[in-house]
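Listed below are the residues making up each chain.
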Amino acid sequence: MERTFRIAVLPGDGIGPEVIREAVKVLRVIETHLQDAKFDLTEYPCGAACFLATGEALPAETFEACQRADAILLGAMGMPSVRLPDGREITPQLDLREKLDLFCGVRPIYLYHACDTPLKGYGPGEIDFVIVRENTEGLFSTRTANNSNGEVVSDTLRITRKGACRLFRAAFELAQTRRRHLTLVDKANVLPSMAFFRRLFLEVAHEYPDVTIDCCYVDAMALYLLKSPQRFDVIVTENMFGDILSDLGAGLVGGMGMAPSGDIGERAAVFQPAHGSAPDIAGRGIANPVAAILSTAMMLEWLKHPSTVRGAKWIREAVRRTLQQPELRTPDLGGRLRTSEMGDLIIKEIEQLWCVSST
Ligand code: ATP
């Protein structure tokens with residue numbers, strides 16, 4: 001049965017609109033080849049530029065459109081020059097996570113080609129793990145609170161049974177679809193909140209006897225990810241630790257331009273490249289669109305329609321084929337391609353895949 005999916009597109013700031021343009025191009029091409037899935041794509045304002053223009057980073061109209069949408073595709077938000085009086089940047093993407101209760105931050109880290117990792121001796125697919133980051137509490141929980149008395153400022157690392165257990169169940173279920181191993185990352189040797197987090201993890205683990213587990217302190221994890229990333233399948237962790245380890249993970253497979261993500265809740269989800277607005281390269285047409293395009297594949301998979309799931313497979317395969325030639329890359333990966341050229345190459349591969357599958 002034909003289905004039209006309503007997608008709210010929030011390009012945002014900096015390189016956000018540049019990479020989202022390529023993701024939308026890819027989506028339009030996929031749509032022409034899918035018989036029974038269509039996409040109603042509408043752009044909405046959100047982010048630092050929107051804040052400067054209107055006084056609001058996430059206007060009510062944008063938020064309502066996100067609530068109505070089947071999925072949300074987001075570029076990047078925030079600019080270092082646009083700050084709140086206390087020095088924090090504008091972060092409507094975090095507001096969206098909290099307002100839509102997108103508790104599960106899924107960040108796949110996958111090496112497509114040996115030339116893209118700074119580590120020696122790893123080939124395609126030999127770095128392949130997913131970080132599942134708690135998205136709505138942890139050390140980010142008091143980010144909007146005014147906890148200063150002029151002398152002391154404190155942030156609270158909040159762990160709730162409900163928040164942790166639903167995250168762990170989502171991570172176990174993801175591990176069941178992969179190599180069935182789940183690693184908890186915490187700091188249970190020092191922080192009471194983290195000891196509680198670990199206790200809850202071990203409780204939930206009894207529900208999933210088919211998944212093997214281990215636990216690791218976050219400082220050790222930074223070392224292990226560099227020394228033996230192939231050990232890991234799914235990693236589940238607290239909000240701030242997940243934020244930091246996601247960038248480390250991206251660095252293992254080529255950098256922020258290679259890291260897609262999905263922020264997923266019970267009913268809604270936002271898909272976005274794991275990178276920020278990259279003001280250092282914004283406006284130059286050289287941002288790597290692969291993370292945004294792979295985030296679109298995650299979105300198609302999450303929509304769970306047989307056609308969109310097929311579209312997600314095509315996108316990943318097209319990215320894999322494109323990256324087989326080491327010279328065909330944007331400057332972050334040592335190449336000379338522009339953002340739009342990289343998008344066009346991936347689209348060319350999708351067209352070829354479609355030709356082969358339809359003959
Ligand atoms: P945020 O905190 O908002 O996530 P950030 O401070 O971690 O952002 P990014 O904007 O992600 O910073 O940029 C980090 C570095 O990675 C910068 O040098 C930037 O140019 C580079 N970078 C990020 N995304 C891309 C991309 N798509 N293509 C090429 N380089 C990128």
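In what follows, the accompanying structure is described. Remember, predicted model here, so these are calculated numbers, not experimental data.

**Some remarks on the site of the ligand**
(1) Moving on: In the vicinity of the ligand, 13 residues are found, and the nearest of them are H275, G276, A278, D280 and N288.
(2) Moving on: Here an oxygen atom of the ligand sits 2.9 Å away from a polar atom, N or O, in the main chain of A278.
(3) Moving on: Within the complex, 62% of the 620 Å² of free accessible area of the ligand lies under protein.
(4) Moving on: Counting residues domain by domain, the shell around the ligand receives three or more from each of domain 1 (1–102 + 265–359) and domain 2 (104–142 + 157–264).

**What to know about helix α6 (residues 192–205)**
(1) Moving on: Here α6 is 14 residues long and its end C-alpha atoms lie 20 Å apart, about the 20 Å a rise of 1.5 Å per residue gives.
(2) Moving on: Among all positions in α6, only S193, M194, F197, R198, L200, F201, V204 and A205 are buried. Down the axis of α6, the buried side of the element spans an arc of 165°, and every buried residue falls inside it. Seen from the open side of α6, the exposed residues pointing more than 90 degrees away from its buried face are P192 and R199.

**A closer look at the environment of V319**
(1) Moving on: Counting through the fold element by element, V319 comes out in helix α10 (residues 306–322).
(2) Moving on: Classification of V319 as buried rests on a relative accessible area of 1%.
(3) Moving on: Along the chain, V319 and P124 lie 195 residues apart, while their C-alpha atoms are 12 Å from each other.

**Examining the pairing of strand β8 (residues 234–237)**
(1) Moving on: Of the two faces of β8, both are covered, the one formed by V234 and V236 as well as the one formed by I235 and T237.
(2) Moving on: Examined bridge by bridge, strand β5 (residues 128–134) and β8 share four bridges and lie parallel to one another. In the sheet register, V132 faces β8, and the bridge partner there is V236.
(3) Moving on: Two elements, strand β6 (residues 181–186) and β8, share four bridges in a ladder whose sense is parallel. Its bridge partner being in β8, L182 is matched across the sheet by V234.

The rules behind the values
Residues numbered from 1 in each chain as written. Predicted model: local features only at pLDDT ≥ 70, side-chain atom pairs only at ≥ 80, totals over all residues. Heavy atoms only, no water. Near = heavy atom within 4 Å. Polar contact = N/O pair within 3.5 Å; in protein donor to acceptor, adjacent residues only side chain to side chain. Areas by Shrake-Rupley, 256 points an atom, 1.4 Å probe, with all protein chains shown as cover. Domains from an automatic or database assignment. Helix = DSSP H or I, 4+ residues; strand = E, 2+ residues; numbered from the N terminus. Expected span 1.5 Å × (residues − 1). Buried < 20%, exposed > 50% of the residue type's maximum accessible area, 1.4 Å probe, protein only. Arc of directions from axis to C-beta. Pairing = 2+ DSSP bridges.

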